[in-house]
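Coordinates in review
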Amino acid sequence: MDMGTILRVNLTTGKMTRESADRYEKWIGGIGVAQQILYDEVKPWMSPFDPGNRFIVATGAMTGMLCPGSGRIAAVTKSPMTTGIASGNAGGVFAPKMKYAGFDYIVFEGRSRKPVYLYLRNGEAKLLSADEISGKTVGESVDWFEEKHGRQVSSMCIGPAGENLVRYACVTIDRFRVIGKCGFGAVMGSKNLKAIVADGSEGSVKPADLYGLKKKLDDIYARIDSNANYKHLMDYGTLCHIPGKYLTAGFSFRHGQDLNIPKEMAEAYDPDNIVGTYRVHQSSCGGCFVGCQNHHRMLSGDNAGKVVGGAPFNSVLNFGTKLDVTNYGFCVEATWLCNDLGMDMDAVAEILGWLMECYEKGLITAEQINGMDLPFGEEKNSLELIKMIGYRKGVGDILAEGVARAAASFSRETEYYGIHMKGNDLYEILRPLIGYGFGAAVSTRGGSHVLGSPVCESSKFNEAEREMAFRKFKVKTFNDPLAYDGKAEIVTYYESLTRACSSMGLCIFVSDWQQIHMLDHQDLADLLKYSVGLEITAEELRERMMAELSLEKVFNYCHAGFTREDDMPKERLFKEKVPSGPAKGAVLDYDKWNAMLDHYYEIHGWDTETGTPTPETLHSLGLDNLIPDLMQPAQVPGHAFIHEDLVK
Ligand code: SF4
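Residues numbered from 1 in each chain as written. Predicted model: local features only at pLDDT ≥ 70, side-chain atom pairs only at ≥ 80, totals over all residues.

**Some words on the packing of helix H20 (residues 487-504) against helix H22 (residues 538-560)**
Our working rule: Axes here mean lines fitted to C-alpha atoms, for a helix over just the part in contact, with angles spanning 0 to 180 degrees between N-to-C directions. In this description a helix means any DSSP run of H or I spanning at least four residues, a strand means any run of E spanning at least two, and both kinds are numbered starting from the N terminus. Any angle between 65 and 115 degrees counts as roughly perpendicular, while under 35 counts as roughly parallel, over 145 as roughly antiparallel, and the rest as oblique. In this description, any two residues whose backbone-derived C-beta atoms lie within 7 Å of each other are considered to be in contact.
Across the interface, H20 lies against H22 with an axial gap of 8 Å and an inter-helix angle of 90°. One way to sum up the angle between H20 and H22 is to call them roughly perpendicular. Two secondary-structure elements touch here, H20 through Glu495, Ser496, Arg499 and Ala500 and H22 through Leu541, Arg542, Met545, Met546, Glu548 and Leu549.

Shown next, in the form of structure tokens:
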């Protein structure tokens, strides 16, 4: 298997070199390769903003192959939020444009003295001055790139938030698709790297077996076409999930004080209402025909008339229900502002929700937040606070640190209300969805449902789908949201499947994570054979992904000191029962959670006391070289996200 080309960019010296990625074949591509590079080259004593930290961008084995979902671009770094491993991906057309420019991976190290961007075009790579767009928003910067290089370019760009080292600054792809969590934008900002612009058009990909790939793709198209749920995704984007969430109490309401929203709110956020009132058109990522991205027109405020991409289901949960705002126009504007300033909207919404709850309880006063009144439902001051965070103005400077660090700056009482995992602000709902919540809690990047959380718990299954799900998971509780039994197995299944997708450059929306009849390990193994000629069984693929996960765990132990207690959710989720609605009374059970965690560690061959892989497990996964690292005491204290000053 030809693993392609790594471009290495030293931003301190401006020197660029190229090398083959073949020695990383074991990891298939995408985040697998990038995480091994990070592990080898970044040392535990380096802070995320140390010039020695790496910012790595990776395409996957399926990039450019015209497979549905194959437009994802991945990134890996040491996270400013957790000081542990950070991985993420986003859609759009950047990945194929980078590949067609002749590059499969880019590894940035060092720090430029002046703002620069990397321009890639048909085998050429140049570092160019970004002086003219320093301090500009993402939208202004993309306008500038298009004027200078043509409208065909695609970019990964940071806004003022990244330049100002807002810890949860994101990287925005072409104005509205984001690699959101973990603070990638802040790492780019710390390196004075404003953007990467890809303009590839001459390169091509050559499938190992064109006929085999075509047959496989025909099968995938037919499986998407024949499924009613994909029709909903195509019709409404991820907004299609809103009615189902209403029925299962899947909304954080008033910062999770309830998970049940009022009927009038549910009606206002009905997908038909939203689409009829705000939507202008839809778009798809490169190589995909699902088209799940909505573009909306802002109808009021300073930007009335502007058409913006984004505002998916998350926007309703983040800026609508969580803040008790019944106004989709506000959700669109807040989402656009986050994307344009370059900040993860999930983290911004968690901070705003936490502030509103603490304000309501009298734990934070108007004087502490620059004289602002901030009850639930407050729209104007919320928008103002988003801008203050992006520019680190006033109290925005504290809020830019994320809820874990910001709460520590206010008072111990406020810490109880901030919801995060491993220092990363938590968007996911845990109490009525045990498996989904468990997947988010144990996620190595800190609070994230895309690396193992199952969504099948709240899905509807027909008989044939039930049988298929049982064959895959080998447990019966896949559709029982409140059961603890069997959830460790299902999370383990999706940990390997989602990592395989991320290593291949595929969107999990076309996998059986989204719909049980869609791509599973065997399908992914077939795609690898036909596209890049890698002969691998489904079981071998699963094993390699388990090795990838163990490498992440060792990285987290060495760099952040994470142990078992960092896989435990916040105390309030074990204490506060959901007060109303379909999930009334739901609360996490401490003993059952611990038993589930024990079982999960046993399945992985990890130590149940520390939550880290055992030497025997690392040996069996072919990771013997990691064993000495694990044998040393962690080089930072536990909960490094709070004590990071010790490792600067
Ligand atoms: S399913 Fe949606 S998000 Fe995924 S690649 Fe296709 S258009 Fe993009």
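Having put the structure on the table, let's press on.
**What about the site of the ligand?**
Filter applied, for reference: Using a C-beta atom placed from the backbone for every residue, we mark a residue as near a molecule or strand if that atom lies within 6 Å of it. Each residue receives one of three labels: charged for Asp, Glu, Lys and Arg, nonpolar for Ala, Val, Leu, Ile, Met, Phe, Trp, Tyr, Cys and Pro, and polar for the others, Gly being one of them.
The immediate surroundings of the ligand are formed by Gly69, Gly71, Gly91, Ser284, Cys285, Cys288, Val290, Gly291, Cys292, Cys507, Phe509 and Val510. Partitioned by chemical class, the residues of the shell around the ligand number seven nonpolar, five polar and no charged.

**Points about the domain arrangement of the protein chain**
Rule in force here: Domain borders in the structure are assigned automatically or taken from a domain database.
Taken as a whole, the protein chain is organised into domain 1 (5-198), domain 2 (224-425) and domain 3 (434-439 + 461-573 + 584-647). Computed over C-alpha atoms, the centres of domain 1 and domain 3 are 26 Å apart. Counting from both sides, the interface comprises 35 residues of domain 1 and, opposite them, 29 residues of domain 3. Those elements that place two or more of their residues in the side of domain 1 that touches domain 3 are helix H1 (30-41), strand S4 (73-78) and strand S5 (85-90). Looking at the side of domain 1 that touches domain 3, the element that brings in the most residues is H1, giving six residues. The residue inventory of the side of domain 1 that touches domain 3, partitioned by class, reads 15 nonpolar, 17 polar and three charged.

**Points about the sheet that holds strand S1 (residues 5-10)**
What counts is decided by this rule: Any two strands with at least two DSSP-identified bridges between them are counted as paired.
If you trace the six strands from one edge of the open sheet to the other, you get S2-S1-S6-S3-S4-S5, paired in mixed fashion. Each edge of the open sheet is held by one strand with a lone partner, namely strand S2 (16-20) and S5. Taken over all neighbouring pairs, the strand axes of this sheet differ in orientation by 15° on average, direction set aside. Inspection of the sheet shows strand S3 (residues 55-58) paired to S4 by three bridges, in the antiparallel sense.

**What to know about the packing of H1 against H20**
Between H1 and H20, the least distance of the axes is 4 Å, while the angle of their chain directions is 85°. Comparing their axes, H20 and H1 come out roughly perpendicular. Every residue of H20 that contacts H1 at Gly30, Ile31 and Gly32 is listed here: Arg499, Ser502, Ser503 and Met504. The residue makeup of the contact of H1 with H20, split by class, is two nonpolar, four polar and one charged.

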